[in-house]
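Structural characterization, general
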Amino acid sequence: RSILLHDALHDAMTGLPNRKMLKERSRAAFAGLSGERTGLALLVIDLDGFKAINDRYGHHTGDMVLVEVARRLQDTLSA
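Let us look at the structure shown here. (Residues numbered from 1 in each chain as written. Predicted model: local features only at pLDDT ≥ 70, side-chain atom pairs only at ≥ 80, totals over all residues. Heavy atoms only, no water.)

Description of the overall build of the protein chain
Scanning the protein chain for helices and strands turns up four helices and zero strands. Listed N to C, the secondary structure of the protein chain is α-α-α-α in terms of helices and strands. Counting only C-alpha atoms and orienting by the principal axes, one finds that the protein chain spans roughly 50 × 30 × 25 Å. When burial is assessed residue by residue, the protein chain has 11% of its 79 residues classed as buried. Taking the intrachain contacts of the protein chain between residues at least 6 apart in sequence as the baseline, contacts between residues at least 24 apart amount to 28%. On the protein chain, roughly 6800 Å² of surface is accessible, and the fraction owed to carbon and sulfur atoms is 58%. Positive and negative charge centroids in the protein chain, built from 11 and 10 side chains respectively, lie 5 Å apart. (Helix = DSSP H or I, 4+ residues; strand = E, 2+ residues; numbered from the N terminus. Buried < 20%, exposed > 50% of the residue type's maximum accessible area, 1.4 Å probe, protein only. Contact = heavy atoms within 4.5 Å. Areas by Shrake-Rupley, 256 points an atom, 1.4 Å probe, with all protein chains shown as cover. Lys, Arg positive; Asp, Glu negative; His and termini not counted. Charge placed at Lys NZ, Arg CZ, Asp CG, Glu CD.)

Topic: the side chain of N54
Note on placement: N54 falls in helix 3 (residues 50-57). With residues up to four places along the chain from it excluded, the contact list for N54 reads H59 and G62.

Thoughts on helix 2 (residues 19-33)
End to end, helix 2 covers 21 Å across 15 residues, agreeing with the expected 21 Å (1.5 Å per residue, within 8%). Capping the start of helix 2, N18 holds a side-chain oxygen 3.1 Å from the backbone nitrogen of K20, two or three residues further along. Taken from the residues just after helix 2, G35 is the one with a positive phi, measuring 85 degrees. (Expected span 1.5 Å × (residues − 1). Polar contact = N/O pair within 3.5 Å; in protein donor to acceptor, adjacent residues only side chain to side chain.)

Laid out in C-alpha cells, this is it:
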C-alpha cells in the first residue's frame, strides 16, 4: 500500500482507521453477508467528558488523551 492511500484511510494523529475506511469496510462486510446467517458487530466509543478536557486543559492535552486512547485500543485489540 502506498503512503498516500494509508494517509487517506487513517487519522493522522492517532493512526486509527478513519470514517472513509469505516465506510469502505462496512460496505464490503455487508456485501459479504448477503444470504448468510452471520452476525456483524460495530463498536462505537464515546469519550465522556472529552470536551471538558479540551476546554479546561487545551487541545494539545486533548490530543494527547486521544493518542493514548488509540494506543490502548490498538494494544488491547492486537493482544
